Amino acid sequence: MLCRNDKKEIIMNVDFNKSPDGLVPAIIQDATTSKVLMLGYMNAEALKKTLESKLVTFFSRSKQRLWTKGEESGNVLNLVDIKLDCDSDSLLIKVNPKGPTCHKGTDTCWNEANEQSFGFISQLENTITSRINEANSETSYVASLFAKGINKVAQKVGEEAVEVVIEAKDNNDDLFLEESADLLFHYLMLLQAKGFKLNDVVSVLEQREKK
């Protein structure tokens, strides 16, 4: 949360004079998923209103006036944090969006789903999904294990968990990491066998943190 001094410092340090129209680009990013939602422009007045109202407000170049995102649709952008770049002429604004951000009804202005990504883990989840959908048990280990049913997938997770415990008691870090990777891989498979993905588990953890 931005304190009063932070607000004053941001307003004072933004160099609105670099642009002849007195506008600076404002990159809007979801504070939770880190997805870039949209790009807008702010003048000093729009920035001040954003900081005061906690609702992201732009200067609309087409309407030539201040425009609070969601003022008609209700899909507002609730302010979380603002950062000024190294040249003092662009803003990174982290928000909690209410509803889709794009006026076309999509989560982002690039037609992307605003979902939390876990980097390579998300990529691995997608690979598992494609192997399941292809269902070629002759060439895919994932497909062959799924073909045996959820009991076999769950059993494999149990076996890998035991291996991790055994290696944790030893001093071979390479084996410990190898077994840990096997456990995580098969756990991701089990989640999908139950109709879930890692993001569903993260949501549970986030709810626990709020209690």
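Refer to the structure printed above.
Residues numbered from 1 in each chain as written. Predicted model: local features only at pLDDT ≥ 70, side-chain atom pairs only at ≥ 80, totals over all residues. Heavy atoms only, no water.

Visitor: With reference to specific residues and values, describe the nonpolar core.
Guide: Formed by 23 residues in total, the largest nonpolar core has its most connected members in Ile 28, Met 42, Leu 47, Leu 91 and Ile 93. Elements with a minimum of two residues in this core: strand E1 (24-30), strand E2 (36-42), helix H2 (44-53), strand E3 (57-60), strand E5 (77-84) and strand E6 (91-97). Residues Leu 124, Val 153, Val 157 and Met 189 belong to the second largest nonpolar core, which totals 12 residues. (Core = buried A, V, L, I, M, F, W, Y, C linked by side-chain atoms within 4.5 Å. Buried < 20%, exposed > 50% of the residue type's maximum accessible area, 1.4 Å probe, protein only. Helix = DSSP H or I, 4+ residues; strand = E, 2+ residues; numbered from the N terminus.)

Visitor: I'd love a proper account of H2, names of residues and values included.
Guide: Turning to H2, its buried residues number three or more, namely Ala 46, Leu 47, Thr 50 and Leu 51. The buried residues of H2 occupy one face: seen down the axis, they fall within an arc of 130°. Opposite its buried face, H2 presents the exposed residues Glu 45 and Glu 52, each directed more than 90 degrees away. (Arc of directions from axis to C-beta.)

Visitor: Outline the pattern of salt bridges, listing residues and values.
Guide: Opposite charge on two side chains makes pairing possible when the charged atoms of those side chains draw close. Counted according to the given criterion, the structure contains 6 salt bridges. A salt bridge links Lys 35 to Glu 112; the nearest nitrogen and oxygen atoms lie 3.7 Å apart. Here Lys 35 is found in the loop between E1 and E2, whereas its partner Glu 112 is found in the loop between E6 and helix H3 (120-134), with 77 residues between them in sequence. We classify Lys 35 as partly exposed; its relative accessible area is 23%. The salt bridge partner of Glu 160 is Lys 156, with a shortest N-O separation of 3.5 Å. (Salt bridge = Lys/Arg side-chain N within 4 Å of Asp/Glu carboxyl O.)

Visitor: So what's going on with the environment of Val 162? Which residues, and what values?
Guide: On the secondary structure map, Val 162 appears in helix H5 (residues 150-168). For Val 162, a relative accessible area of 47% corresponds to the partly exposed category.

Visitor: Quick rundown of the sheet that holds E2? Include the residues and the values.
Guide: Sheet strands line up and pair through hydrogen bonds in the backbone, either parallel or antiparallel. On the basis of which strands lie adjacent, the open sheet formed by 4 strands has the order E2-E1-E6-E5 and mixed pairing. Edge positions in the sheet fall to E2 and E5, since each of these pairs with one other strand and no more. Ignoring strand direction, the axes of neighbouring strands in this sheet form an average angle of 30°. As judged from the 6 bridges shared by E1 and E2, these two strands associate in the antiparallel manner. The partner of Val 24 across the bridge, within E2, is Met 42. Of the strands in this sheet, E2, E5 and E6 are in contact with H2, which crosses E5 at around 120°. (Pairing = 2+ DSSP bridges. Axes fitted to C-alpha atoms, helices over the stretch in contact; angles between N-to-C directions. Contact = heavy atoms within 4.5 Å.)

Visitor: Please set out unusual backbone geometry residue by residue, giving values where relevant.
Guide: The phi torsion at Lys 54 lies on the positive side, around 70°, for a residue other than glycine. Turning to its location among the elements, Lys 54 is positioned in the loop between H2 and E3. One non-glycine residue, Ser 88, adopts positive backbone phi at about 60°. Inspection of the secondary structure puts Ser 88 in the loop between E5 and E6. Residue class for Ser 88 comes out partly exposed when judged on its relative accessible area of 22%.

Visitor: Lay out H3 in plain terms, naming residues and giving numbers.
Guide: With 15 residues, H3 ought to run about 21 Å at 1.5 Å a step, and its terminal C-alpha atoms sit 21 Å apart, in line with that. When we look at burial in H3, the residues that qualify are Ser 122, Leu 124, Glu 125 and Ile 128. Buried residues in H3, looked at end-on, bunch into an arc of 160°, giving them a common side. Residues of H3 that are exposed and point more than 90 degrees away from the buried face comprise Phe 120, Asn 133 and Glu 134. Against helix H4 (141-147), helix H6 (173-193) and helix H7 (198-210) lie the buried residues of H3. Trailing H3 by a residue or two, Ala 135 shows a phi angle of about 55°, which is positive. (Expected span 1.5 Å × (residues − 1).)

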